[in-house]
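Coordinate inspection notes
What follows is each chain in one-letter form.
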Amino acid sequence: MEIEDFRQNKTIPRVIEAEVLKALSFYPELKETEIHFLFKKKIKGSVMQAQPRISSMFGGKRAYQINISALFQLTNSAIPIHQIPPDIMVGWIGHELGHVMDYENRDTFGMIRFGIGYLFSTRFVKKAERVADTFAVSHGLGKYILSTKHFILDHTFLPEKYKQKIARLYLSPDDIVEQVRKLEAKEQGLT
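My aim in this report is to walk through the structure given alongside it, one point at a time. Predicted model only: the values in this text are computed from it and were never measured. Each chain has its residues counted from 1, running along the sequence as written. It should be noted that, the model being predicted, local features are given only for residues of pLDDT at least 70 and side-chain atom pairs only at 80 or more, the latter also being counted only at that level, while totals for whole chains, interfaces and linings use all residues. The side-chain quantities take in all heavy atoms of the structure and omit both hydrogens and water.

**Here we look at helix α5 (residues 160-169)**
Quick reminder of the rule: For each residue, the accessible area found with a 1.4 Å probe, counting protein chains only, is set against the maximum for its type, and the residue is called buried under 20%, exposed over 50%, and partly exposed in between. Comment: elements are numbered from the N terminus, with helices defined as DSSP H or I runs of at least four residues and strands as E runs of at least two. What the arc measures is the spread of directions leading from the helix axis to the C-beta atoms. Any two residues whose heavy atoms approach within 4.5 Å are treated as being in contact.
Those residues of α5 that sit buried are Y162, K163, I166 and L169. One side of α5 holds all its buried residues, which, seen down the axis, span an arc of 150°. In this structure, the buried side of α5 is in contact with α2 (86-104) and α4 (122-154).

**Considerations on the pattern of salt bridges**
What counts here: Any Lys or Arg side-chain nitrogen located within 4 Å of an Asp or Glu carboxyl oxygen qualifies as a salt bridge.
Using the criterion set out here, one finds seven salt bridges in the structure. A salt bridge links R7 to E4; the nearest nitrogen and oxygen atoms lie 2.5 Å apart. Note on R7: relative accessible area 29%, which makes it partly exposed. Between R181 and E178 there is a salt bridge, and its shortest N-O distance comes to 2.6 Å. With R181 and E178 both in helix α6 (residues 173-187) and three residues apart, the pair spans about one turn of that helix. We classify R181 as partly exposed; its relative accessible area is 46%. The exposure class assigned to E178 is partly exposed, which follows from its relative accessible area of 31%. In the salt-bridge network here, residues are joined through shared partners; they are E4, R7, R14 and E17.

**Quick look at the packing of helix α3 (residues 108-120) against α4**
Stated precisely, the cut-off is as follows: Axis definition: a line fitted to C-alpha atoms, limited for helices to the stretch in contact. Angles are taken between N-to-C directions and run from 0 to 180 degrees. What makes a crossing left-handed is the near helix being turned counterclockwise from the far one by less than a right angle; a clockwise turn instead makes it right-handed. As a working rule, the residues Ala, Val, Leu, Ile, Met, Phe, Trp, Tyr, Cys and Pro are called nonpolar, Asp, Glu, Lys and Arg charged, and the rest polar, with Gly in that last group.
In the contact formed by α3 and α4, the axes pass within 6 Å of each other and the chain directions differ by 115°. Of the two possible hands of crossing, α3 and α4 adopt the one that is left-handed. Where α3 approaches α4, its residues F114, G117, Y118 and F120 are matched on the opposing element by T122, F124, V125, A128 and E129. For the contact of α3 with α4, the residue count by class is six nonpolar, two polar and one charged.

**Topic: the environment of A132**
For A132, the position within the fold is in helix α4. Each C-alpha atom of the pair A132 and E96 lies 6.9 Å from the other, and the pair is 36 residues apart in sequence. What A132 contacts, discounting residues up to four positions off in sequence, is H95, G98 and H99.

**Some remarks on a nonpolar patch on the surface**
Spelled out, the test is: Each patch is assembled from residues with relative accessible area greater than 30% and no salt bridge, linking like charges that lie within 9 Å and nonpolar side chains (Val, Leu, Ile, Met, Phe, Trp, Tyr) that lie within 5 Å. Here the accessible surface of atoms and residues is derived via Shrake-Rupley with a 1.4 Å probe, and residues count as covered only by protein chains that are part of the display.
A surface patch of nonpolar side chains, amounting to about 750 Å² of accessible area, comprises I54, F58, I112, I116, L119 and F120. Turning to its location among the elements, I116 is positioned in helix α3.

**Points about the nonpolar core**
The test is simple: Among the buried residues, those of types Ala, Val, Leu, Ile, Met, Phe, Trp, Tyr and Cys that are joined through side-chain atoms within 4.5 Å form a nonpolar core.
If you look at the biggest cluster of nonpolar residues, it comprises 50 residues, and the most contacted ones within it are L24, I35, F37, F72, W92 and L97. When contributions to this core are tallied by element, the ones reaching two or more residues are α1 (17-24), β2 (34-40), β3 (48-52), β4 (63-69), α2, α3, α4 and α5. Here the element with the most residues in this core is α4; it accounts for 10 residues. Ignoring any residue separated from it by four or fewer positions in sequence, one finds F37 in contact with T11, I12, P13, V20, L24, I66, I68, I93 and L97.

Listed below in structure tokens is the structure:
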């Protein structure tokens, strides 16, 4: 399969097209899924956010939207999101596509329960974010997810509150390394 094949049923801003297509190439199951990658001025508490399109929730084929903050907020400034290193963007987008994979396994009622859980339960958010990371790692994006985590957690100019949120809710770099190790052992028939 060519990387261009993953453009089907997608809306992708040109400035992040290469990174989006690369991340999508790890998810052949999503090749025909309708996904719109959209820049937003601000996403409360996040850099990216995957969600189903409400209009597609009640019949027909489900479509998704991945909102991407146009600016990456630093402590005292901001940079355009597309200026983040490519591997970091691939990891971030790969994580959001992990959410899409999770959503694909849920019916409409399951998605409603997911939305309520995500809004009102920190424990639910933690589980959902770890599921998305796990989907990304199991699809071969381990090194990209790891790069993204290190970029966030080790970035001197990121707000401490945001770094603490990532450390609290998402898989740690050590957890990701362990998942990658287990996946590689499984692929080599060692487990």
